[in-house]
Amino acid sequence: MRVSTPVSAASIETAPARSAEAVVPAPTTSLGAGLLTVYRAQLSRVRVSRVPLLFVAVFQSVGIMILMRGVVDTGSDTAREAVVAGSSVLVVAFVALNLLAQHFGNLRAANALDYYLTLPVRPAAVVLGMAAAYASFTLPGTVATAVIGALMFQLPLANLWVLLLVVPLSGAALAGIGAVFGLLAPRPELATLLGQLGMSAALLLGVLPEDRMPELIVVARDLLPSSYGVDAFIASYGDPDWAAVGGNLAVCAAVGVVMLSLATWSFRRGTRA
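Rules and cut-offs
Counting of residues starts from 1 at the beginning of each chain's written sequence and follows it residue by residue. Two thresholds apply to this predicted model, a pLDDT of at least 70 for residue-level local features and 80 or more for giving and counting side-chain atom pairs, whereas whole-chain, interface and lining totals are computed over all residues. Computation of side-chain values: all heavy atoms of the structure, hydrogens and water removed. Only DSSP runs of H or I reaching four residues or more are called helices, and only runs of E reaching two or more are called strands; each is numbered from the N terminus. Contacts between residues were defined by any pair of non-hydrogen atoms, one from each residue, lying within 4.5 Å. Surface accessibility in these figures is a Shrake-Rupley result with a 1.4 Å probe; residues are shielded only by whichever protein chains are displayed. Here a pair means two rings of Phe, Tyr or Trp (six-membered ring of Trp) with centres within 6.5 Å. Their orientation is stacked below 30 degrees between planes, edge-to-face above 60, and tilted elsewhere. When a residue's accessible area, from a 1.4 Å probe over protein chains only, is under 20% of the maximum for its type it is buried; when over 50% it is exposed; and in between it is partly exposed. By definition, being over a ring means that NZ of Lys or CZ of Arg is both within 6 Å of the ring centre and within 35 degrees of the ring normal. Residues are called lining when one of their atoms sits within 4 Å of a cavity or pocket point, these points coming from a 1 Å grid over the protein atoms alone, where a cavity is a set in which a 1.4 Å probe fits but cannot get out and a pocket is an open set with protein on both sides within 12 Å along at least five of seven lines. Grid points are joined across faces, edges and corners, and a volume is the space filled by probe spheres set on the points. Amino acids outside the nonpolar list (Ala, Val, Leu, Ile, Met, Phe, Trp, Tyr, Cys, Pro) and the charged list (Asp, Glu, Lys, Arg) are all regarded as polar, and Gly is one of them. All axes are obtained by fitting lines to C-alpha atoms, using only the stretch in contact for helices, and the reported angles, taken between N-to-C directions, cover 0 to 180 degrees. Every angle not falling under 35 degrees, over 145, or within 65 to 115 is termed oblique; those three ranges are roughly parallel, roughly antiparallel and roughly perpendicular. Two helices that cross are described as forming a left-handed crossing if the nearer one is turned anticlockwise from the farther one by less than a right angle, and a right-handed crossing if clockwise. For patches, a residue must show more than 30% relative accessible area and have no salt bridge; joins then use 9 Å for like charges and 5 Å for nonpolar side chains, namely Val, Leu, Ile, Met, Phe, Trp and Tyr. Salt bridges are counted wherever a side-chain nitrogen of Lys or Arg sits within 4 Å of a carboxyl oxygen of Asp or Glu.

A. Quick peek at the overall build of the protein chain. Along the backbone of the protein chain there are twelve helices and zero strands. The linear arrangement of helices and strands in the protein chain, starting from the amino end, is α-α-α-α-α-α-α-α-α-α-α-α. For the protein chain, the proportion of contacts with a sequence separation of at least 24, taken over those separated by at least 6, is 82%. For the protein chain, the accessible area works out to roughly 13600 Å², and carbon and sulfur atoms hold 67% of it.

Here it is, written out as structure tokens:
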């Protein structure tokens, strides 16, 4: 025999209020706290594959320097510095531009971006955290490439600390471009293609000495953000031109701010689509 439990009017009135309270979202965290949370989570994810990725990036850059050794005039300091600086920054381009474009493209194709909408973090924190995670672990590979190149081309190692500024600022600009490629590309295959084309541009325009390029190619080089990181590193060799170092790094920082802001807008657009 079933016994029904009486339901009071008061309990009926309070039930919707309780359920409404249960679905109130958590308050959004500050930009800094959200960025740090996403950065740590992505860094632990990237850490799993960082050794093979760094090996590929460094092996690629060192191989390019070996090939360029037989092409450039080893007696020209400018040519040697351009090859070593360009090959070092290429490690950043391989990871921050190429791999990040693939990562965001795959997330968008799998509708995985919606997951981040459930978190109490700002879209800017998601983009910045992912970009920082991919760009930050390129520093060991960049330093290793610069050291190998300096020994190979008989260049000084005194101002190698400049890479501590070149890597994050160049990485921010390139990571912003890679994120935009991945978030705006309609298919992940297209995001991969755009990332690879961008890395090819960083290779061709960043490694070759500027004085050996036709005028039209020099204009294209000036439009590539990573070339300013290369020029900053070149200016630190020999008798350093610190004004040129600071000016080129300032351009990298400005482009990084613009591209990461555009990537944040692209993230919002991708999650609404």
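Following the structure, the description resumes.
B. Geometry of the packing of aromatic side chains. This structure, assessed with the given rule, holds two aromatic pairs. Ring centres of Phe-233 and Tyr-237 lie 5.1 Å apart, and the angle between their planes is 35°; on these two criteria the pair is classed as tilted. Given a relative accessible area of 1%, Phe-233 falls into the buried group. Over the aromatic face of Phe-153 sits the side chain of Arg-69, whose NZ or CZ is 5.8 Å from the ring centroid.

C. Broad picture of empty space enclosed by the protein. Enumeration over the complete set of coordinates arrives at one cavity of 30 Å³ or more. If you list the elements that add at least two residues to the lining of the largest cavity, you get helix H4 (77–109) and helix H11 (225–235). Taken together, the residues that form the lining of the largest cavity break down as five nonpolar, two polar and no charged.

D. Structural context of H11. Burial analysis of H11 places ten of its eleven residues in the buried class, which makes it a mostly covered element. Among all positions of H11, only Pro-225, Ser-226, Ser-227, Gly-229, Val-230, Asp-231, Ala-232, Phe-233, Ile-234 and Ala-235 are buried.

E. Just the environment of Leu-205, in detail. Tracing the chain through its elements places Leu-205 in helix H9 (residues 188–207). Note: C-alpha distance between Leu-205 and Ser-227 (22 residues apart in sequence) is 7.3 Å. Residues within four places of Leu-205 in sequence aside, it is in contact with Met-213, Ile-217, Ala-220, Arg-221 and Leu-224.

F. Spatial organisation of the packing of H4 against H11. Running from amino to carboxyl end, H4 crosses H11 at an angle of 130°, the nearest separation of the two axes being 9 Å. One finds that H4 runs oblique with respect to H11. For H4 against H11, the interelement crossing comes out right-handed. Residue-level inspection shows Glu-81, Ala-82, Ala-85, Gly-86, Ser-88 and Val-89 of H4 in contact with H11, the latter providing Ser-226, Gly-229, Val-230, Phe-233 and Ile-234. Of the residues that constitute the contact of H4 with H11, the class distribution is six nonpolar, four polar and one charged.

G. Representation of a nonpolar patch on the surface in the model. On the surface, a nonpolar cluster with roughly 430 Å² of combined accessible area is contributed by Trp-161, Leu-164, Leu-165 and Trp-242. Looking at the secondary structure, you find Trp-242 in helix H12 (residues 242–272).

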